[in-house]
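Spelled out, the chains give:
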Amino acid sequence: MKQNTQKLLTWLYTPAGEKLYTATHQQLELLLPDMTTGGRRSLVHYLAQKYLVRTQTVGEQTVINLTSHGKDALEAQFPVFSPALQTWQGQWSALIFLHGPKGDPHFRYLRQLLLDNHAFAFTRGVYLYPGEFPSQIINLCKEMYVGAVTVMGVSQWFFGDERLAIDEHYMLSDIVEIYSGISNEINQLLEQKNEQKRLTKKARLQIYSVFDRFFNILGTDPGFLHHYYPHLQTAMQLLTQLRSMFDVN
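Below is a short write-up of the structure. Just so it is clear, the structure is predicted and the values come from calculations on it, not from any experiment. (Residues numbered from 1 in each chain as written. Predicted model: local features only at pLDDT ≥ 70, side-chain atom pairs only at ≥ 80, totals over all residues. Heavy atoms only, no water.)

A word on the overall build of the protein
Note the cut-off: Secondary structure follows DSSP: runs of H or I at least 4 residues long count as helices, runs of E at least 2 residues long count as strands, and numbering of each begins at the N terminus. Only protein chains enter the calculation, and the probe is 1.4 Å; a residue is then buried if its accessible area is under 20% of its type maximum, exposed if over 50%, and partly exposed in between. Contacts are assigned to residue pairs with any non-hydrogen atoms lying within 4.5 Å of each other. Where accessible areas are quoted, they stem from the Shrake-Rupley method and a 1.4 Å probe; at the residue level, only the protein chains shown are allowed to cover.
Assigned secondary structure in the protein consists of 12 helices and seven strands. The C-alpha extent of the protein, read off along each of the three principal axes, is 65 × 40 × 30 Å. Across the 249 residues of the protein, 46% fall into the buried class. Considering only contacts within the protein whose residues lie at least 6 apart along the sequence, 72% involve residues at least 24 apart. If you sum the accessible surface of the protein, you get close to 13800 Å²; carbon and sulfur atoms cover 51% of it.

Considering unusual backbone geometry
Notably, Tyr-51 is not glycine yet its phi reads approximately 65°, a positive angle. Structurally, Tyr-51 can be placed in the loop between helix 3 (37-49) and strand 2 (53-58). Positioned with a positive phi, Phe-107 is a non-glycine residue whose angle comes to about 60°. Its relative accessible area of 6% is what places Phe-107 among the buried residues.

Some points on the sheet that holds strand 3 (residues 61-66)
How we decide: Should DSSP find at least two bridges between two strands, the strands are taken to pair. Note on geometry: axes are C-alpha line fits, over the in-contact stretch for helices, and angles between N-to-C directions span 0 to 180 degrees.
Judged by pairing direction, the sheet is antiparallel, and its three strands sit side by side in the order 1-3-2 without closing on themselves. Strand pairing shows two members of the sheet lacking a second neighbour, strand 1 (23-24) and strand 2, which therefore form its edges. Of the strands in this sheet, strand 1, strand 2 and strand 3 touch helix 1 (residues 3-12), which is tilted by about 90° from strand 3.

Details of helix 3
In plain terms, the rule: Working rule for helices: expected span equals 1.5 Å times residues minus one. Directions from the helix axis toward the C-beta atoms define the arc.
An ideal rise of 1.5 Å per residue puts 18 Å on 13 residues; helix 3 measures up with 18 Å between its terminal C-alpha atoms. When we look at burial in helix 3, the residues that qualify are Arg-40, Leu-43, Val-44 and Leu-47. Buried residues of helix 3, seen end-on, are gathered within an arc of 95° and therefore sit on one face of the element. Turning to helix 3, the residues buried within the fold contact helix 1, helix 2 (25-31), strand 2 and strand 3. Phi turns positive, to about 65°, at Tyr-51, one or two residues after helix 3.

Given below as structure tokens:
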């Protein structure tokens with residue numbers, strides 16, 4: 001997905017079981033400032049044709065929300081939105097290279113597929129994944145790598161610093177620092193809104209500036225920060241706070 005599509009779908013995202021968030025073209029003007037009015041409308045029309053968003057007219061306004069297909073596409077793009085990772089309790093799956101098969105003697109294809117699915121290269125021949133490996137990887141192992149790899153579960157580290165290893169690979173401390181900064185700025189905006197009863201145009205622009213930084217960090221969030229930093233606000237909580245402040249009037 002192109003970045004503008006990712007931004008729009010992210011802004012509309014709501015987890016399963018929650019009321020769909022609805023946006024207007026006024027919001028998109030600030031969300032995608034580098035696009036023309038026609039470009040933004042064309043993007044929404046294109047995404048509606050792809051069944052990723054739906055549009056409807058309410059009064060004199062056209063409103064936009066995410067479809068189930070758009071939700072699935074976003075969850076596949078960003079691990080942070082994965083329902084499985086949101087309830088992850090620390091169990092890993094390990095895939096170990098043994099002997100490269102004739103079709104892929106150096107495991108190049110499998111290695112790339114693992115990385116594309118956000119697996120963690122613990123060593124060159126050992127890959128870890130939070131929870132169960134995606135079915136795409138397991139099915140490929142059954143088709144091409146029988147006898148060439150071993151897959152097992154890891155529920156506990158008996159020796160070695162798990163937190164250090166995971167933190168260093170995923171740069172969790174850096175992500176936490178950025179989220180903390182975003183959270184502080186959101187709190188400042190909330191205080192300003194409470195004092196003024198509504199946000200000025202300048203403040204609304206600042207909301208989207210914060211959203212830009214938020215969006216830029218999403219791709220590096222592995223989706224399981226809550227397990228190692230349980231007191232940190234989640235990405236979904238930060239996004240909900242940002243949207244709750246927006247006043248379209």
